[in-house]
Amino acid sequence: MRAFIIKSDTAYIDEEKQAFQSGRLDVVLNSILAAIISRRAGKLVARRNVVVIAVMPRNDPPIIMINSNKLHDLIINEADLLKFINKARKGDGELMGAQGNMETVIHNLKRDNYAIFYLHEKGIPISNFLPLSDKTAFILGNQDGLSQTDERLIKRQGITAVSLGSRPYMTWECVAILNSILDGAISFPS
C-alpha cells in the first residue's frame, strides 16, 4: 500500500469557514483527492491501496488518516471530502484521527517497513529509485513547504529527498504525478 504524508502547519478544519480560509486547508484536501481518485476508461474511480496521512498541528486531532480501501463512496470534490472528514471526526465514518506529530507518523511507517521519501525540488531525481516498492511513502509539504524543524527530523531519520525535477508543482500535482509513476502510467525522464 502506498502512502502520502501531507504536512501543513497552517491548515485546520473549521466547519464555519471555506477550505481556502482555513489556513489553506484546500491544499490538503486537493492532495487527498489526488491520492484517492483515479481515472479509468474515462471515468473517475476510487483508487485502492492508498493511505493518506494529513498532519496538521493546528487541528484536533492533528493527524487524519484515510485508507482508500475502507472508503464506501467515491468522493470527488473538496466540499464532499470536508463533509466526510467532519462526519468522521464525530465518530461516524471510515476515517481515523490520532494524536501525535510528524515523528509519530515516520516512526509508524518505519515500523511497518515502508520505504520513505521526502519530495523536494532539490532532491535526487526520482528516476534513480524506480521501480519503487508497493510499500512506499512520500512526505510532502503544503504551499510553504516543510518547516526547518521537520526538515531536520527528516534528515535525522535518514530519509532520502527525491525530486520530480526543478520545476515547482503544487502538492496535489505531485501526488497525481507520483500515483501515475507508481501505476506505470507515465515514465519519468532521468
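Here's what I pulled together on the structure shown here. (Residues numbered from 1 in each chain as written. Predicted model: local features only at pLDDT ≥ 70, side-chain atom pairs only at ≥ 80, totals over all residues. Heavy atoms only, no water.)

**Here we look at the layout of surface pockets**
Step number 1: Taken as a whole, the largest pocket spans an internal volume of roughly 410 Å³.
Step number 2: Lining the largest pocket we find 22 residues, and of these Leu119, Glu121, Asn142, Tyr169 and Cys174 sit closest to its centre.
Step number 3: For the lining of the largest pocket, the element with the highest residue contribution is strand β7 (residues 115-125), accounting for 4 residues.
Step number 4: Approximately 340 Å³ is the volume attributed to the second largest pocket.
Step number 5: Those elements giving two or more residues to the lining of the second largest pocket turn out to be β4 (50-55), β5 (63-67), β6 (95-98) and α3 (102-111).
Step number 6: Looking at which element gives the most residues to the lining of the second largest pocket, the answer is α3, with 5 residues. (1 Å grid on protein atoms, 1.4 Å probe; cavity = no way out; pocket = protein on both sides within 12 Å on 5 of 7 lines; lining within 4 Å. Points joined across faces, edges and corners; volume = space filled by probe spheres on them. Helix = DSSP H or I, 4+ residues; strand = E, 2+ residues; numbered from the N terminus.)

**A word on unusual backbone geometry**
Step number 1: With omega at 0 degrees, the peptide bond leading from Asp60 into Pro61 counts as cis.
Step number 2: Structurally, Pro61 is set in the loop between β4 and β5.
Step number 3: Cis geometry marks the peptide bond from Leu130 to Pro131; its omega dihedral reads -5 degrees.
Step number 4: Along the chain, Pro131 turns up in the loop between β7 and β8 (136-141).
Step number 5: Positive phi is not limited to glycine here, since Ala41 has a value of about 50 degrees.

**Let's talk about the packing of aromatic side chains**
Step number 1: What the rule picks out here adds up to 3 aromatic pairs.
Step number 2: Here the aromatic rings of Phe4 and Phe138 are separated by 6.0 Å at their centres, their planes lie at 20 degrees, and the arrangement is stacked. Of the two residues, Phe4 is situated in strand β1 (residues 2-7) and Phe138 in strand β8; the sequence distance between them amounts to 134 residues. The same class applies to Phe4 and to Phe138, which are both buried.
Step number 3: Three or more aromatic residues joined by ring pairs form one cluster here, namely Phe4, Phe117, Phe129 and Phe138. (Phe/Tyr/Trp six-rings, centres within 6.5 Å; stacked < 30°, edge-to-face > 60°. Buried < 20%, exposed > 50% of the residue type's maximum accessible area, 1.4 Å probe, protein only.)

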